Every structure is written in structure tokens, then in C-alpha cells.
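Structural features, examined
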Amino acid sequence: MLLTIKDRLILLGTLANVQGNLTELRILRELREALSFSEKEHKKLNIREEGGRILWKEGEPKEVEIGEVAKRVIVNKLKELNAQGLLSDDHLGIADKFPEVEGA
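The rules behind the values
- Residues numbered from 1 in each chain as written.
- Predicted model: local features only at pLDDT ≥ 70, side-chain atom pairs only at ≥ 80, totals over all residues.
- Heavy atoms only, no water.
- Helix = DSSP H or I, 4+ residues; strand = E, 2+ residues; numbered from the N terminus.
- Rg over C-alpha atoms; globule rule 2.2 N^0.38 Å.
- Buried < 20%, exposed > 50% of the residue type's maximum accessible area, 1.4 Å probe, protein only.
- Axes fitted to C-alpha atoms, helices over the stretch in contact; angles between N-to-C directions.
- Parallel < 35°, antiparallel > 145°, perpendicular 65-115°, else oblique.
- Contact = heavy atoms within 4.5 Å.
- Nonpolar A, V, L, I, M, F, W, Y, C, P; charged D, E, K, R; others polar.

1. Some thoughts on the overall build of the protein chain
The number of helices and strands found in the protein chain is 5 helices and 4 strands. Secondary structure elements of the protein chain, listed N to C terminal, follow the sequence β-α-α-α-β-β-β-α-α. In terms of overall dimensions, the protein chain is globule-like: its C-alpha atoms have a radius of gyration of 14 Å, near the 13 Å expected for 104 residues. Its C-alpha atoms give the protein chain principal-axis dimensions of about 35 × 30 × 20 Å. Every one of the 104 residues in the protein chain was classed for burial, and the buried ones make up 31%.

Take a look at the structure:
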């Protein structure tokens, strides 16, 4: 799945406190590593925090493999946030990539 820098940051935040079984947690750990930024990428994008906001220079989207288990966990988390009314405008780009979230 092609993900922008913003998509990656939103997914990292969304998955930060997800709980599950051992297999899911190991899969999510691998996904978080794929979503994360290398030292080189961090420097190139000038990722920084200013006034409580994360800022960066635009860069190329990154292809990140999201398997069925990780996809199910992401969709379930987005549905949970939606049901609780906790989604923000920032989540829209991610929710659009997972149409299964609609109608939650």
C-alpha cells in the first residue's frame, strides 16, 4: 500500500496502544517498523516537533506491505475509534484506504 508521510504517522499513532494476541503483536511490531522512519529519511524530510505538532518536508510516498492480519487489526481499531467518535480529519486519508471501515 502506498502511504504518504502523514499516513505513516497517523497509522503509527493509531497502532501505538493496540492490544492483541502474541501473533498479532509480532505482526504489528513488524508493521510499525516498516512505517517508521530511518535516520536517513528523518534527516532528509527534516522531521521535527514544533509547538506540539510534527512537521516535515514533503517526500515520496512509501510502499508498505500490509497483510491480512495487520489490515484486520487496523480496520477494527478505526471502527472502534469511529464508534467512539474519536476520529479526526487526519484519519480520513487512512480510512479511505480501508473501505471496510465505512458503516461501522
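2. Remarks on the packing of helix α1 (residues 5-15) against helix α4 (residues 68-83)
Taken N-terminus to C-terminus, the directions of α1 and α4 make an angle of 80°; their axes are 10 Å apart at the nearest point. With respect to their mutual orientation, α1 and α4 come out roughly perpendicular. Taking contact as the criterion, the partners of L11, T14 and L15 in α1 are, on α4, I74, K77, L78 and L81. Tallied by class, the residues present in the contact of α1 with α4 amount to 5 nonpolar, 1 polar and 1 charged.

3. Considering the side chain of D7
The topology assignment puts D7 in helix α1. Apart from the residues within four sequence positions on either side, D7 is in contact with L2, G93, I94 and K97.

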